[in-house]
Every structure is written in C-alpha cells, then in structure tokens.
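# Residue-level structure breakdown
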Amino acid sequence: MSKVRKRPSYNNHNGFRMPMGFHTEGFTSALEYQAQPSDIFLVTYPKCGTTWTQYILWLMQHQGEPLSPSEKLETHIPHLEEVGKKTIEKLPQPRVIKTHLPYKLTPHHPQAKYIYVARNPFDCLVSFYHHTRGFVQHYNFADGTFDDFFECFIKGEVDFGDYFDNLVPWYEHKEDENVLFFTYESMKDDLKSIILKIGDFLGNDYLETIKNEDFLSKIIINSSLKNMKKDQQRWSSKRPKNMPPFVHKGKVGSWKDYFSPQQQQRLTEKFITKTAGTGLENLWLD
Ligand code: A3P
C-alpha cells in the first residue's frame with residue numbers, strides 16, 4: 001500500500017494554487033491590472049532569488065543605502081497577486097512590481113520591462129520545501145517531510161503552479177527587447193556583472209547610479225547574503241523559532257543534502273522532458 005502523504009494547504013483558484021493567506025480578491029484583480037509603459041516587473045518562480053533581486057532594485061533606486069530595519073521591502077515593491085491591483089495603482093509611477101505569475105497571466109505592456117530570474121529546479125525545490133514548512137499560516141505544513149513536498153513539486157501541485165510552466169514560456173521570451181533573463185547561479189557567480197546588466201537594461205537613474213563606483217559597491221555589499229541575513233523582518237513575517245529563516249543558506253547545490261538518487265533521477269527526467277528543444281537543456285549543465 002502506498003504511503004499517505006501530507007500535503008500543504010492552498011487556496012485553489014480554478015486549479016491555480018495560491019498560499020492560503022493570499023485573498024481571492026488580490027489574485028483575481030491582479031490579473032486585471034493594466035500594465036503601464038513605465039512599469040518594471042520582477043518575475044520569478046518562488047524561491048529563485050526574488051527577494052535578493054528585489055532588494056538590489058531597491059538599492060539601485062537609493063544609491064545603495066540600506067532599507068531601514070523598521071521598513072518592509074514589500075511596501076515599496078509589492079507582490080502583485082498578493083495585494084491586488086488597487087494597491088499597485090496607488091503606487092507612484094514608475095512602479096516596480098513583483099510577481100510569480102506565469103507568462104500568460106502576467107500583465108503585459110510592450111514598453112513595460114520584465115526582469116526574469118531563474119534558479120535550477122533542484123535548489124528551488126529544497127528552498128520551497130523550507131518556505132512551505134516555515135509559513136505555517138499559509139500552508140499548514142509545519143510537520144511535512146521533504147519526501148512529502150517532493151511529490152507535490154514534481155507533480156506541479158504547489159502554489160504558483162508547475163515550476164516548468166513558469167520557466168519555459170518566460171525563457172522563450174528571453175530575447176524580447178523588454179525582457180532581461182538571468183539566473184540565481186549567475187548572481188552568485190558574478191553579482192557585479194548582473195547589476196551592470198540590470199542598469200543597462202533599465203537605463204535612466206538606475207544606469208546613472210551604477211556608473212558611480214561608490215554606489216555600485218554599496219549595492220553589492222548591502223545585498224550580500226551576510227547583510228541580508230540581518231534584520232530578516234524587512235523581507236518576511238515572523239516564523240516559528242524552529243524553522244529556518246527566510247534568507248537561509250543562499251547557496252548553489254543545497255539539493256545534494258536532500259535528494260535521494262531516485263528523486264534526483266525523477267526530477268532530471270522531468271527536466272529533460274519539459275525543456276527538450278527549448279535551449280534550457282544547457283542552462284545548468286552540471
Ligand atoms: P535558500 O532557501 O536556498 O537559502 P525568494 O526570494 O525567491 O523566495 O528566494 C529565496 C532564496 O534566495 C533563499 O534560498 C534565500 O536564502 C536566497 N537569498 C536571499 N537573499 C540572498 C542573497 N543576498 N544571496 C544569496 N541568496 C539569497
């Protein structure tokens with residue numbers, strides 16, 4: 001008899017799973033948000049480097065000066081499908097908006113800019129597991145095991161949908177003039193180059209800021225893993241003491257401590273099937 005597995009709880013919007021704390025109104029109205037020409041969308045699948053990039057964007061807007069520990073990053077760069085369109089519309093323009101929506105649901109405007117950050121699915125899965133355990137109010141999964149979560153992830157039965165349904169369509173648009181695509185791993189490898197790319201892509205004040213060596217080095221220092229581990233309430237609500245913090249290991253290859261050989265094989269097979277012919281096969285060769 002197969003083992004009965006624990007599953008996280010979600011809000012289900014016609015088959016699209018969302019965290020329980022995200023209200024239906026936020027999700028449905030997010031889909032109706034009219035993208036503006038000056039909007040900058042930060043798009044990711046969950047756990048792929050969203051907050052890191054979000055903070056880099058904020059630092060680029062503020063000459064590298066850190067966000068006060070009493071402030072929340074999400075106030076300045078809100079999560080579209082969490083807060084809904086009314087909150088976004090109240091933000092002054094130009095706006096920076098975070099979303100985990102797949103390509104077909106994301107609000108589009110030909111002049112808006114889209115920054116997409118991808119992370120290899122193995123580390124994403126491990127990070128997503130800790131996230132799902134830690135946000136007890138969103139998922140009711142505090143005692144779920146890695147094996148339980150693995151089964152949900154591999155079937156795409158997690159919030160924001162299947163990892164590959166998010167990654168592949170965005171990757172197909174990576175050469176669009178208004179899309180900048182890069183990986184979490186490339187940020188870990190050479191953050192300065194990525195910040196320079198973001199500056200070139202966004203232009204305007206972002207480009208002016210990074211031309212200044214002092215500002216650029218402040219952005220790099222203040223967005224380091226070490227500094228982002230401090231004052232975690234800037235990025236996340238409180239988690240129970242026995243759960244890992246939001247900014248956690250922040251490394252490449254954490255998956256090796258969690259996956260069984262069979263799990264590695266199953267996710268590898270899914271990766272090969274879902275990315276065949278897309279060019280993504282070579283993105284994380286190792
Ligand atoms: P881990 O759980 O593997 O540590 P998101 O913001 O999309 O939810 O992604 C969270 C992941 O990004 C977590 O990964 C977190 O530790 C990592 N992260 C956050 N800030 C980081 C930083 N400054 N440097 C490297 N990784 C960071």
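Up top is the structure these notes are about.
Note that the structure is predicted; figures quoted are calculated from it, not measured.

### Some remarks on the overall build of the chain
If you tally the helices and strands in the chain, you get 15 helices and six strands. Expressed along its principal axes, the backbone C-alpha trace of the chain runs to roughly 60 × 40 × 40 Å. The 286 residues of the chain split such that 53% are buried. The contacts in the chain between residues at least 6 apart in sequence include a share of 72% that link residues at least 24 apart. Entry remark: accessible area of the chain is about 13600 Å², with carbon and sulfur atoms responsible for 51%. Here the chain carries 36 positive and 35 negative side-chain charges, and the mean point of each set is 7 Å from the other.

### Comments concerning the environment of phenylalanine 141
Following the sequence through the fold, phenylalanine 141 ends up in the loop between helix H7 (136-139) and helix H8 (146-154). For phenylalanine 141, a relative accessible area of 0% corresponds to the buried category. Distance from phenylalanine 141 to arginine 7, taken between C-alpha atoms, is 6.9 Å for residues 134 residues apart in sequence.

### Overview of the environment of lysine 197
By the element assignment, lysine 197 lies in helix H11 (residues 191-202). Sequence separation between lysine 197 and glutamine 263 is 66 residues; the distance between their C-alpha atoms is 35 Å.

### As for the pairing of strand S4 (residues 96-99)
Neither face of S4 is left uncovered, since the one carrying Val96 and Lys98 and the one carrying Ile97 and Thr99 both have all their residues buried. Bridge analysis of strand S3 (residues 40-44) against S4 gives four bridges, and the strand direction is parallel. Across the sheet, the residue bridging to leucine 42 is lysine 98, located in S4.

### Quick word on the site of the ligand
Lining the immediate environment of the ligand, one finds 18 residues, of which Thr50, Thr51, Ser127, Tyr184 and Gly250 sit closest. Contact distances for the ligand include 2.8 Å between an oxygen atom and a backbone N or O atom of histidine 248. Protein burial of the ligand: of its 580 Å² of free accessible surface, 97% is covered by the chains. Put simply, the parts of the chain that give the shell around the ligand at least two residues each are helix H2 (50-61) and helix H14 (225-229). Per-element tally for the shell around the ligand: the top contributor is H2, with three residues. Considering only residue class, the shell around the ligand consists of seven nonpolar, eight polar and three charged.

### Describing helix H12 (residues 204-211)
Tyr206, Thr209 and Ile210 are the residues of H12 that are buried. When H12 is viewed along its axis, its buried side chains cluster within an angular range of 90 degrees and face the same direction. In H12, the exposed positions that point more than 90 degrees away from the buried face belong to Asn204, Asp205 and Lys211. Where the residues of H12 are buried, they touch S3, H2, S4, H11 and helix H13 (213-222).

### Looking at the side chain of threonine 50
Relative to the elements of secondary structure, threonine 50 occurs in helix H2. A polar contact of 2.9 Å, which involves the side chain of threonine 50, links it to the side chain of threonine 44. For threonine 50, the contacting residues outside a window of four places in its chain are Leu42, Thr44, Tyr45, Lys98 and His100.

### Concerning the packing of aromatic side chains
Each aromatic ring pair is summarised here by two numbers: the centre-to-centre distance and the angle between the ring planes. Applying the stated criterion across every chain yields a total of 33 aromatic pairs. With centroids separated by 5.8 Å and ring planes inclined at 80 degrees, the aromatic side chains of tyrosine 10 and tyrosine 139 adopt a geometry described as edge-to-face. With tyrosine 10 in the segment before strand S1 (11-13) and tyrosine 139 in helix H7, this residue pair connects regions lying 129 residues apart in the sequence. Considered together, tyrosine 10 and tyrosine 139 belong to a single accessibility category, that of buried residues.

### As for a positive patch on the surface
Residues Lys188, Lys229, Lys249 and Lys251 make up a contiguous surface patch of positive charge. You can see lysine 249 is positioned in the loop between H14 and helix H15 (261-275).

### Some remarks on the sheet that holds S4
Sheets are built from strands that pair by backbone hydrogen bonding, the pairs being arranged parallel or antiparallel. On the basis of which strands lie adjacent, the open sheet formed by four strands has the order S4-S3-S5-S6 and parallel pairing. Looking at which strands have only one partner, the edges of the open sheet turn out to be S4 and strand S6 (179-183). Taking the axes of each pair of neighbouring strands and ignoring which way they run, one obtains an average angle of 20 degrees across the sheet. Across five bridges, strand S5 (residues 113-118) lies against S6 in parallel orientation. Bridge pairing in S6 places valine 117 opposite phenylalanine 182. In this fold H2 packs onto S3, S4, S5 and S6, with an angle of close to 160 degrees to the strand it touches most, S3.

### A few points about the nonpolar core
Ile115, Phe153 and Ile198 are the most contacted members of the largest nonpolar core, which totals 84 residues. A total of seven residues in this core trace back to one element, the largest contributor, which is H2. Ignoring sequence-local partners within four residues, the contact set of isoleucine 198 consists of Ile56, Leu57, Met60, Ile115, Leu180 and Phe182.

Cut-offs and rules
- Residues numbered from 1 in each chain as written.
- Predicted model: local features only at pLDDT ≥ 70, side-chain atom pairs only at ≥ 80, totals over all residues.
- Heavy atoms only, no water.
- Helix = DSSP H or I, 4+ residues; strand = E, 2+ residues; numbered from the N terminus.
- Buried < 20%, exposed > 50% of the residue type's maximum accessible area, 1.4 Å probe, protein only.
- Contact = heavy atoms within 4.5 Å.
- Areas by Shrake-Rupley, 256 points an atom, 1.4 Å probe, with all protein chains shown as cover.
- Lys, Arg positive; Asp, Glu negative; His and termini not counted.
- Charge placed at Lys NZ, Arg CZ, Asp CG, Glu CD.
- Pairing = 2+ DSSP bridges.
- Near = heavy atom within 4 Å.
- Polar contact = N/O pair within 3.5 Å; in protein donor to acceptor, adjacent residues only side chain to side chain.
- Nonpolar A, V, L, I, M, F, W, Y, C, P; charged D, E, K, R; others polar.
- Arc of directions from axis to C-beta.
- Phe/Tyr/Trp six-rings, centres within 6.5 Å; stacked < 30°, edge-to-face > 60°.
- Patch = residues over 30% accessible without salt bridge, like charges linked within 9 Å, V, L, I, M, F, W, Y side chains within 5 Å.
- Salt bridge = Lys/Arg side-chain N within 4 Å of Asp/Glu carboxyl O.
- Axes fitted to C-alpha atoms, helices over the stretch in contact; angles between N-to-C directions.
- Core = buried A, V, L, I, M, F, W, Y, C linked by side-chain atoms within 4.5 Å.

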